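# Examination of the molecular architecture
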Amino acid sequence: MNLHTHKKSYHMAFPMHRGSMHRIPSIQRGTTVVCEHGVLWLTQTGDPMDHFLLPGQRYTLKKRGKVLVEAMREASVSIITPGEPPVNQVRSLAQKRLA
């Protein structure tokens, strides 16, 4: 997983194996999920629609809530979140790199 911080947003990118799921327990409104390659299925708590993303497609979340992303085949996903990254996420990434 890569984490890039910009002034007004941060960007995480990671690969996903076919059938793997990535649960994001609390994601803020305005966060964008981008399918870099592969096919992704995305669902969000309270959103009656499911979303399928093909390479190069993106979906911007309209409200705060839990999100589930599943790779329908080998895929790479980017998550672009407005604002500063949560401190615990930066700490967790730092610990993984030191291990």
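Attention here is on the structure that accompanies the text. The shown structure was predicted, so the numbers you read here are calculated from the model rather than taken from an experiment. (Residues numbered from 1 in each chain as written. Predicted model: local features only at pLDDT ≥ 70, side-chain atom pairs only at ≥ 80, totals over all residues. Heavy atoms only, no water.)

## Considering the environment of Val-39
Examined against the element boundaries, Val-39 turns out to sit in the loop between β4 (32-37) and β5 (40-44). Here the alpha-carbon distance between Val-39 and Glu-70, two residues 31 residues apart in the chain, equals 8.6 Å. Once residues lying within four places of it in the same chain are set aside, the contact partners of Val-39 are Leu-53, Leu-54, Glu-70, Ala-71, Met-72, Arg-73, Glu-74 and Ala-75. (Helix = DSSP H or I, 4+ residues; strand = E, 2+ residues; numbered from the N terminus. Contact = heavy atoms within 4.5 Å.)

## Focus on the pairing of β5
With five of its five residues buried, β5 lies for the most part within the structure. Judged by which residues are buried, β5 turns out to be covered on both faces: Leu-40, Leu-42 and Gln-44 on one side and Trp-41 and Thr-43 on the other are all buried. Here β5 pairs with strand β6 (residues 51-53) via three bridges, running antiparallel. Residue Leu-40 lies in a different strand from β6, and its bridge partner there is Leu-53. Pairing of β5 with strand β8 (residues 65-71), which is carried by five bridges, proceeds in the antiparallel orientation. Counterpart to Trp-41 in the pairing with β8 is Glu-70. (Buried < 20%, exposed > 50% of the residue type's maximum accessible area, 1.4 Å probe, protein only. Pairing = 2+ DSSP bridges.)

## Quick word on the sheet that holds β8
Strand order in this open sheet of four strands is β3-β8-β5-β6, and the pairing throughout is antiparallel. The open sheet has two free edges, formed respectively by β3 (21-27) and β6, since each of these has just one partner strand. Shown here is a sheet whose adjacent strand axes are inclined to one another by a mean of 20°, direction ignored. (Axes fitted to C-alpha atoms, helices over the stretch in contact; angles between N-to-C directions.)

## Structural notes on the nonpolar core
Within the largest apolar cluster, 19 residues are counted, with the highest numbers of intra-cluster contacts made by Met-16, Leu-40, Leu-42, Val-67, Val-77 and Ile-79. When residues of this core are traced back to their parent elements, those giving at least two are β2 (9-16), β3, β4, β5, β8 and β9 (75-82). (Core = buried A, V, L, I, M, F, W, Y, C linked by side-chain atoms within 4.5 Å.)

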